[in-house]
Amino acid sequence: MRYIYIMLNIFVGTFLWSIINPKESFTCFLEIIPAIIGVLILILTFRRFRFTNFTYFLILIHCIILLIGGHYTYAEVPFFDYIREVFHQSRNNYDKVGHFAQGLVPAMIIRELFIRKMVISNKSFFNFIIVCVCLAISAAYEWIEWLISILTGDGGDAFLGTQGYVWDTQSDMLFATMGAIIGLILFSKIQDRQIAQL
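Chains are numbered independently. Their residues run from 1 in the order of the written sequence. pLDDT decides what is reported in this predicted model: residues at 70 or higher carry local features, side-chain atom pairs at 80 or more are listed and counted, and totals for whole chains, interfaces and linings draw on all residues regardless. Heavy atoms from the whole structure form the basis of all side-chain values; hydrogens and water molecules are not counted.

Caption draft 1: Local environment of the environment of Phe 114. Numbering goes from the N terminus for both helices and strands, where a helix is a DSSP run of H or I of at least four residues and a strand is a run of E of at least two. Examined against the element boundaries, Phe 114 turns out to sit in helix H5 (residues 94-116). Between buried and exposed lies partly exposed: a residue is buried under 20% and exposed over 50% of the maximum accessible area for its type, with that area taken using a 1.4 Å probe on protein chains only. What makes Phe 114 buried here is its relative accessible area of 14%. Taking the C-alpha atoms as reference points, Phe 114 and Phe 126, twelve residues apart in sequence, are found 8.6 Å from one another.

Caption draft 2: Quick peek at the nonpolar core. One finds Phe 11, Tyr 56 and Ile 130 to be the most contacted residues of the largest nonpolar core, which totals 39 residues. Among the secondary structure elements, those contributing two or more residues to this core are helix H1 (2-19), helix H2 (25-45), helix H3 (53-72), helix H4 (78-86), H5, helix H6 (126-152) and helix H8 (168-197). Ranked by the residues each element gives to this core, the list is headed by H3, at nine residues. Every residue pair with non-hydrogen atoms within 4.5 Å of one another is taken to be in contact. Once you skip the residues sitting within four places of it in the chain, Ile 130 turns out to touch Ala 107, Ile 110, Arg 111, Phe 114 and Leu 184. Buried Ala, Val, Leu, Ile, Met, Phe, Trp, Tyr and Cys residues form a nonpolar core when they are joined through side-chain atoms within 4.5 Å.

Caption draft 3: Inspection of the environment of Ile 182 at higher detail. Checked against the element boundaries, Ile 182 lands in helix H8. For the pair formed by Ile 182 and Gly 103, sequence separation is 79 residues and the distance between their alpha carbons is 9.1 Å.

Caption draft 4: Local environment of the side chain of Glu 112. Here Glu 112 lies in helix H5. Polar side-chain contacts of Glu 112 include one of 2.5 Å to the side chain of Thr 55. With residues up to four places along the chain from it excluded, the contact list for Glu 112 reads Arg 50, Phe 51, Thr 52, Thr 55, Gln 191 and Ile 195. By the criterion applied in these results, polar contacts are pairs of N or O atoms within 3.5 Å in which, for protein atoms, one can donate a hydrogen and the other can accept it, and in which residues neighboring in sequence qualify only through two side-chain atoms.

Caption draft 5: Representation of the environment of Phe 80. Mapped onto the elements of the fold, Phe 80 is located in helix H4. Classification of Phe 80 as buried rests on a relative accessible area of 17%. Spatially, the C-alpha atoms of Phe 80 and Asn 93 are 6.5 Å apart, while their sequence positions differ by 13 residues. Ignoring any residue separated from it by four or fewer positions in sequence, one finds Phe 80 in contact with Asn 92, Asn 93, Tyr 94 and Val 97.

Okay, structure coming up:
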């Protein structure tokens, strides 16, 4: 339980940093609202369903990625400006880190839910369905970005974060898909060990 409190304190500290003098207040709100909603859901459901510490750790990492993106905007995270200059990239690619996490972290959340709630009996389709769910989440997020951009006009440009890249939506979904697949390959055994200890 101490581990959970430490992670919650890290989240709160990063959240407070994120909302103090952000680059753009409206963009900050749009970027961090998924993290806030996610943490509230985890708090409200904690007594009924407690995830493994490993899954909570991954969720914290994803939240931190969102909070950093909210503070600076995804197109202007300073360290990734530095990477762009050093490697002569055409854009700040911090948003790709976010979309990679958008595949990896939900994959591990869904995987744990599927295992512990015994959602899928046929194991041969197990990972395929998890990746499909993650891709659906990524596509839905792209719809939200598109809708906000239409409704707010220029106000949604920083949230959309395309930086003039015409294939941004497709590459975002590709990175989420890669995140889901890589997460399942790298972290399934770690998660299995922690599930077995519950």
